[in-house]
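An overview of the molecular structure
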Amino acid sequence: MRNAFIQRLLELAESDPRIMLLTGDLGFGVFEKFAQRYPKQFLNVGVAEQNLTGLATGLALEGRIPFTYSLANFPTLRCLEQIRNDACYHNANVKIVCMGGGFSYGALGISHHATEDLSILRALPDITIVAPGDDWEASEATSSLANTQGTCYLRLDKSSAGMTNQHQEVFTLGKARKLRDGSDITLISIGGILNETLKAAKLLAEKGIESRVISLHTLKPLDKEVIFDAAKNTGGIVTIEENTIQGGLGGAVAEVCLENGIIPQIFCRIGLPDCFSSLVGSQDYLRSQYKMSAEHIYNKLLMSLNSTDKQK
């Protein structure tokens, strides 16, 4: 996803001198081409993420379109006050980019586990939140956010579902994508864990269970219609996120359903429970340990569906 992002940003910067890339002393080996080609559109602010956000806000208020870049929680939670008070409050055209959503940097420990960012930033007014599930979504989201006024958050992941787009498909901010159709259950996924979601759907299909798979790449604004359709026309909804289940994708889906009087037959949230991810290891290892792997998703769904059948 990182490479898809920087390649698209290079293309955008060529035609729009307002676009700038600001990094918190990261991206060496990745940003050299951008820095060499557009030296007046590149700044290394150093290991000072709060200043990074403040500087980006000032540039935005002067008509630039700055993209701030850092790892995991550093461009978000470390400078939450600046995002809230400086960028969002002034509707500044700042684009915050996190490389390393979820357990991407799992081996570096909890400081690098970005597992609350979706929930916390979702609570801020006047912010757009996007977490692509594949490389195509990451590339297209970069263009869309560059053309979206206001503060935006782009959460990139080390893992990816590859390229799931269809020929001539158009990416639309705030509109989810249906990657697989089915009526037995709907799997709504956000971020790089989409690859595990698609694997789980294949496992279910082998059992004769056809699941609808939705890549809900934009958390805010939320695509309510795709959620309502899933609740009304499939056997239930399961949300899947590499983020705490407290206030993230699952919370957003539950809220919008209940507020509109729509109750899915089954509703289940898969994500990090109400705890810190204190284990250390690879992204795949942590997904398995915290029951977010394809096999865990598959087993959870089988249990939910069997329970529903018994109640009938």
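Scope of this entry: the structure provided in the associated data block. (Residues numbered from 1 in each chain as written. Predicted model: local features only at pLDDT ≥ 70, side-chain atom pairs only at ≥ 80, totals over all residues. Heavy atoms only, no water.)

**Quick word on the pairing of strand E4 (residues 95-99)**
Definition in use: For the exposure calls, accessible area comes from a 1.4 Å probe over protein chains only, and a residue counts as buried if that area is under 20% of its type's maximum, exposed if over 50%, partly exposed in between. Numbered from the N terminus, helices here are DSSP runs of H or I no shorter than four residues, and strands are runs of E no shorter than two. The criterion for strand pairing is that DSSP finds at least two bridges linking the strands in question. Seen with its strands pointing away from the viewer, a crossover is right-handed when the path leading from the first strand over the helix to the second is clockwise.
With five of five residues buried, E4 is to be regarded as a mostly interior element. Covered by surrounding structure in E4 are Lys-95, Val-97 and Met-99 together with Ile-96 and Cys-98, the residues of both alternating faces. Inspection of the sheet shows strand E3 (residues 65-71) paired to E4 by five bridges, in the parallel sense. Residue pairing in the sheet places Thr-68 in a bridge with Ile-96 of E4. Following the chain from E3 across helix H4 (residues 80-88) to the adjacent parallel E4, one finds a crossover that is right-handed. Examined bridge by bridge, E4 and strand E6 (residues 151-156) share five bridges and lie parallel to one another. Paired with Ile-96 across the bridge in E6 is Tyr-153.

**Focus on the sheet that holds strand E9 (residues 211-215)**
Short version of the rule: All axes here are fitted lines through C-alpha atoms, helices being fitted over the stretch that makes contact, and every angle between N-to-C directions spans 0 to 180 degrees. It only takes one pair of heavy atoms within 4.5 Å for two residues to be counted as in contact.
Pairing is mixed across the open sheet formed by five strands, whose spatial order is E7-E9-E8-E11-E12. For this open sheet the edge positions go to strand E7 (177-180) and strand E12 (267-272), each flanked by a neighbour on one side alone. Put simply, the sheet's adjacent strands are angled 25 degrees from each other on average, direction ignored. Looking at chain direction, strand E11 (residues 237-244) and E12 are connected through five bridges and run parallel. Across the sheet, the residue bridging to Ile-240 is Ile-270, located in E12. Where helix H7 (residues 194-206) meets the sheet, it contacts E7, strand E8 (185-190), E9 and E11, and its direction lies at approximately 170 degrees from that of E9. Across the sheet, helix H9 (residues 249-259) is in contact with E8, E11 and E12; its angle to E11 comes to roughly 140 degrees.

**Some words on the nonpolar core**
Applicable threshold: What makes a nonpolar core is a set of buried Ala, Val, Leu, Ile, Met, Phe, Trp, Tyr and Cys residues whose side-chain atoms join them at distances within 4.5 Å.
By size, the foremost hydrophobic cluster in this structure holds 38 residues, and its most contacted members are Tyr-153 and Ile-227. Setting aside chain neighbours within four positions, we find Tyr-153 in contact with Thr-76, Ile-96, Cys-98, Asp-117, Leu-118, Leu-121, Ile-127, Thr-128, Ile-129, Val-130 and Leu-145.

**Quick word on the environment of Ile-240**
You can see Ile-240 is positioned in strand E11. Between the C-alpha atom of Ile-240 and that of Gly-27, which follows or precedes it by 213 residues, the distance is 29 Å. Other than its neighbours up to four places away in sequence, Ile-240 contacts Leu-187, Ile-188, Ser-189, Ile-190, Ile-193, Thr-197, Leu-249, Ile-270 and Ile-297.

**Side note on the packing of helix H3 (residues 49-61) against H4**
Our working rule: Roughly parallel refers to an angle under 35 degrees, roughly antiparallel to one over 145, roughly perpendicular to one between 65 and 115, and oblique to any angle outside these ranges. When residues are sorted by character, Ala, Val, Leu, Ile, Met, Phe, Trp, Tyr, Cys and Pro go into the nonpolar class, Asp, Glu, Lys and Arg into the charged class, and all the rest, Gly among them, into the polar class.
The contact between H3 and H4 brings their axes to 9 Å, and the two run at 5 degrees. Taken together, the axes of H3 and H4 lie roughly parallel to each other. Where H3 approaches H4, its residues Gln-50, Thr-53, Gly-54 and Thr-57 are matched on the opposing element by Gln-82, Ile-83, Asp-86 and Ala-87. Split by residue class, the contact of H3 with H4 holds two nonpolar, five polar and one charged.

**Here's the deal with H3**
Our working rule: For a helix, the expected span equals 1.5 Å multiplied by the residue count minus one. Directions are taken from the helix axis to each C-beta atom, and the arc is the one they span.
Over its 13 residues, H3 extends 18 Å from the first C-alpha to the last, a length consistent with the 18 Å expected when each residue adds 1.5 Å. Of all the positions in H3, only Glu-49, Leu-52, Thr-53, Ala-56, Thr-57, Leu-59 and Ala-60 are classed as buried. Down the axis of H3, the buried set is contained in an arc of 165 degrees. They therefore lie on one face. When the buried face of H3 is taken as reference, the exposed residues oriented beyond 90 degrees from it are Asn-51 and Leu-61. For H3, the elements touching its buried residues are strand E1 (19-23), strand E2 (42-44), E3 and H4. Directly beyond the C-terminal end of H3, a positive phi value near 100 degrees is found at Gly-63.

**Things to note about the packing of aromatic side chains**
Note the following rule: Any two rings among Phe, Tyr and Trp, with Trp reduced to its six-membered ring, count as a pair given centres within 6.5 Å; such a pair is stacked if its planes are under 30 degrees apart, edge-to-face if over 60, and tilted if neither.
Scanning the model with the defined rule gives eight aromatic pairs in all. With a centroid separation of 4.7 Å and an interplanar angle of 80 degrees, the aromatic rings of Phe-31 and Tyr-69 are classed as edge-to-face. Of this pair, Phe-31 sits in the loop between E1 and helix H2 (32-37) while Tyr-69 sits in strand E3, and the two are 38 residues apart along the sequence. A residue is classified by how much of its surface remains accessible, and Phe-31, at 3% relative accessible area, is buried. Among the aromatic residues, those joined into a cluster by ring pairs are Phe-5, Phe-31, Phe-34, Tyr-38, Phe-42, Phe-67 and Tyr-69.

**Considerations on the pattern of salt bridges**
The condition is simple: Take a side-chain nitrogen of Lys or Arg and a carboxyl oxygen of Asp or Glu: if they are within 4 Å of each other, that pair is a salt bridge.
In the structure shown here, the tally under the stated rule is 14 salt bridges. Put simply, Glu-137 and Arg-177 hold a salt bridge, and the shortest N to O gap is 2.6 Å. With Glu-137 in helix H6 (residues 135-146) and Arg-177 in strand E7, this pair connects stretches of sequence that are 40 residues apart. With relative accessibility at 0%, the residue Glu-137 sits in the buried group. The salt bridge involving Lys-178 is made with Asp-181; its shortest N-O contact spans 3.8 Å. On the basis of relative accessible area, Asp-181 is assigned to the partly exposed category, the value being 48%. Each of Lys-178, Asp-181, Arg-212 and Asp-229 takes part in salt bridges that share partners, so that together they form one network.

In short, the description is geometric, and any link to function would need to be established separately.
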